[in-house]
Amino acid sequence: MSNQALVVCQKQVLDFGNFATGVSFQTILADRLELLQWREITAVLNVHTHSLGSGAGTISVVFYQQSWSEEDPGTPFLGSGAQTFTLNSSTPNPACLALALPMLGTTFALADMTQIRAFFSRSAAGPLNATISLRLFAKDA
Amino acid sequence: MAGSRQRILPIRAFSFGTLAIGNSQTFTLAERVDISQYIDAMLAVRVHLASNTSGGNVQFDLYGDGFSDEDPGLVFRTAAPFFTSTALPSGFGFSQVVPYGGTVRGRYAALTMTVSRTSASVLAPVVSIDLILRTPDAL
């Protein structure tokens, strides 16, 4: 049995403080992350600190099914399903959030690749940021 | 670590313009795919931008293939696929991957395609498929 800790994001600040109320935005944290070798993956999101206690909005980290082909390299292939961490006013500060990513199944499973995005949605005025780090703990058990 | 990715179907454009409405058709795309070293399988079905599936349903199934060199002319196929397939999304002008899978048993697998025509709209899927195979490390 083998395992690996994949560092997806070093500690970094996601700061959406300059966006107006009602606006949403997304940014790609990782693209074409190779998961071919692993049968079990747990995503662990460490929230070092955040400003969401004021109710200004939410920040989400979303895992998409993804595939890529050298036959059509310019086309992004994403799945319709997603697994999500959601940070909001009730998220502890700091926090450690864990999410099992299914690697086998017929409803939502990642196959061999994932794309990870961060979303935010602002619902009120105020600071809207989070300092996070993200790791995947992978096993072939 | 023991994972494998096989290009089980290179990009291919199908056209079912002559398939009558209400009819369906099933045919084999690949057979004798060696799965003997693995216990998990995921199909990654890529729908390419040129695809148009407005006119019906398209699905891909992975069956057990009991090929025998004692009687190589016969087709030996399990009665049901290894796992339930996911139909491709209907429409055109988008790209998407549709991953699904389950546990696989035996030595060989076969991939089939089933198409059902439901309307007079275009039914011309453009797809490519990877087969993702995994197994735990040997002790």
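### What about the overall build of chain A?
Logical step 1: Per the secondary structure count, chain A includes 0 helices and 8 strands.
Logical step 2: When the elements of chain A are put in sequence order from the N terminus, they spell out β-β-β-β-β-β-β-β.
Logical step 3: For chain A, the C-alpha radius of gyration of 16 Å lies close to 14 Å, the compact-globule estimate for 141 residues.
Logical step 4: Projected onto its principal axes, the C-alpha positions of chain A cover 45 × 35 × 25 Å.
Logical step 5: Here chain A holds 141 residues, and the buried ones make up 30% of them.

### Focus on the interface of chain B and chain A
Logical step 1: Each partner contributes to the interface: chain B provides 29 residues, whereas chain A provides 26 residues.
Logical step 2: Elements with a contribution of two residues or more to the side of chain B that touches chain A: strand S1 (3-13), strand S3 (40-47), strand S5 (96-103) and strand S7 (126-134) of chain B.
Logical step 3: Per-element tally for the side of chain B that touches chain A: the top contributor is S5(B), with 7 residues.

### Side note on the nonpolar core
Logical step 1: By size, the foremost hydrophobic cluster in this structure holds 63 residues, and its most contacted members are B:Ala41, B:Met42, B:Leu43, B:Ala44, B:Val45 and B:Ile129.
Logical step 2: Sequence-distant contacts of B:Met42, defined by excluding residues within four places in its chain, comprise A:Leu104, A:Ala109, A:Ala111, B:Pro99, B:Tyr100, B:Gly101 and B:Ile132.

### Digging into the sheet that holds strand S4 (residues 56-65) of chain B
Residues and elements named next belong to chain B.
Logical step 1: Strand order in the open sheet formed by 3 strands is S2-S6-S4, and the pairing between neighbours is antiparallel. Two strands close off the open sheet at either side, each with one partner strand: strand S2 (24-34) and S4. Going across the sheet, the axis of each strand differs from the next one's by a mean of 20°, ignoring polarity.
Logical step 2: Bridging between S2 and strand S6 (residues 108-117) involves 8 bridges; their strand directions are antiparallel. Across the sheet, residue threonine 28 finds its bridge partner in S6, namely threonine 112.

### Details of the sheet that holds strand S5 (residues 77-87) of chain A
Note: strands within a sheet are paired through backbone hydrogen bonds, in either parallel or antiparallel orientation.
All names here are of chain A.
Logical step 1: Strands sit in the order S2-S7-S4-S5 across an open sheet of 4 strands; the sheet is antiparallel. One side of each edge strand has no neighbouring strand; the edge strands of this open sheet are strand S2 (24-34) and S5. Neighbour-to-neighbour, the strand axes of the sheet open up by a mean angle of 20°, direction not taken into account.
Logical step 2: With 8 bridges joining them, strand S4 (residues 57-67) and S5 adopt antiparallel strand pairing. Opposite serine 67, over in S5, you have phenylalanine 77 as the bridge partner.

### Side note on the confidence of the model for chain B
Close inspection of predicted coordinates is inappropriate for parts of the model with low pLDDT.
Residues and elements named next belong to chain B.
Logical step 1: Across chain B, pLDDT averages 94, with 98% of residues at or above 70.
Logical step 2: The spread of mean pLDDT over the elements of chain B runs between S1, the lowest at 95, and S6, the highest at 97.
Logical step 3: Predicted as a complex, the structure gets a pTM of 0.91 and an ipTM equal to 0.87.

### Some details on the pairing of strand S3 (residues 40-50) of chain A
Residues and elements named next belong to chain A.
Logical step 1: Strand direction decides the pairing type here: S3 and strand S8 (residues 129-139), joined by 10 bridges, are antiparallel. By the bridge assignment for S8, threonine 49 is matched with threonine 131.
Logical step 2: Judged from the 7 bridges that link them, S3 and strand S6 (residues 95-101) form a sheet pairing that is antiparallel. Bridge pairing in S6 links valine 44 to alanine 98.

### Thoughts on unusual backbone geometry
Logical step 1: Of note, the amide linkage connecting A:Asn93 to A:Pro94 takes the cis form, showing an omega dihedral of 5°.
Logical step 2: Assignment of secondary structure puts A:Pro94 in the loop between S5 and S6.
Logical step 3: Phi at A:Ala111 takes a positive value of approximately 60°, unusual for a residue other than glycine.
Logical step 4: Secondary-structure assignment places A:Ala111 in the loop between S6 and strand S7 (113-122).
Logical step 5: Within the chain, B:Arg32 stands out as a residue other than glycine whose phi angle is a positive 55°.
Logical step 6: Within the secondary structure, B:Arg32 sits in strand S2.

Criteria and thresholds
Residues numbered from 1 in each chain as written. Chains lettered and ligands numbered in written order. Predicted model: local features only at pLDDT ≥ 70, side-chain atom pairs only at ≥ 80, totals over all residues. Helix = DSSP H or I, 4+ residues; strand = E, 2+ residues; numbered from the N terminus. Rg over C-alpha atoms; globule rule 2.2 N^0.38 Å. Buried ≥ 20, exposed ≤ 12 C-beta atoms within 10 Å, placed from the backbone. Contact = placed C-beta atoms within 7 Å. Core = buried A, V, L, I, M, F, W, Y, C linked by C-beta atoms within 7 Å. Pairing = 2+ DSSP bridges. Axes fitted to C-alpha atoms, helices over the stretch in contact; angles between N-to-C directions. pLDDT = per-residue confidence, 0-100.

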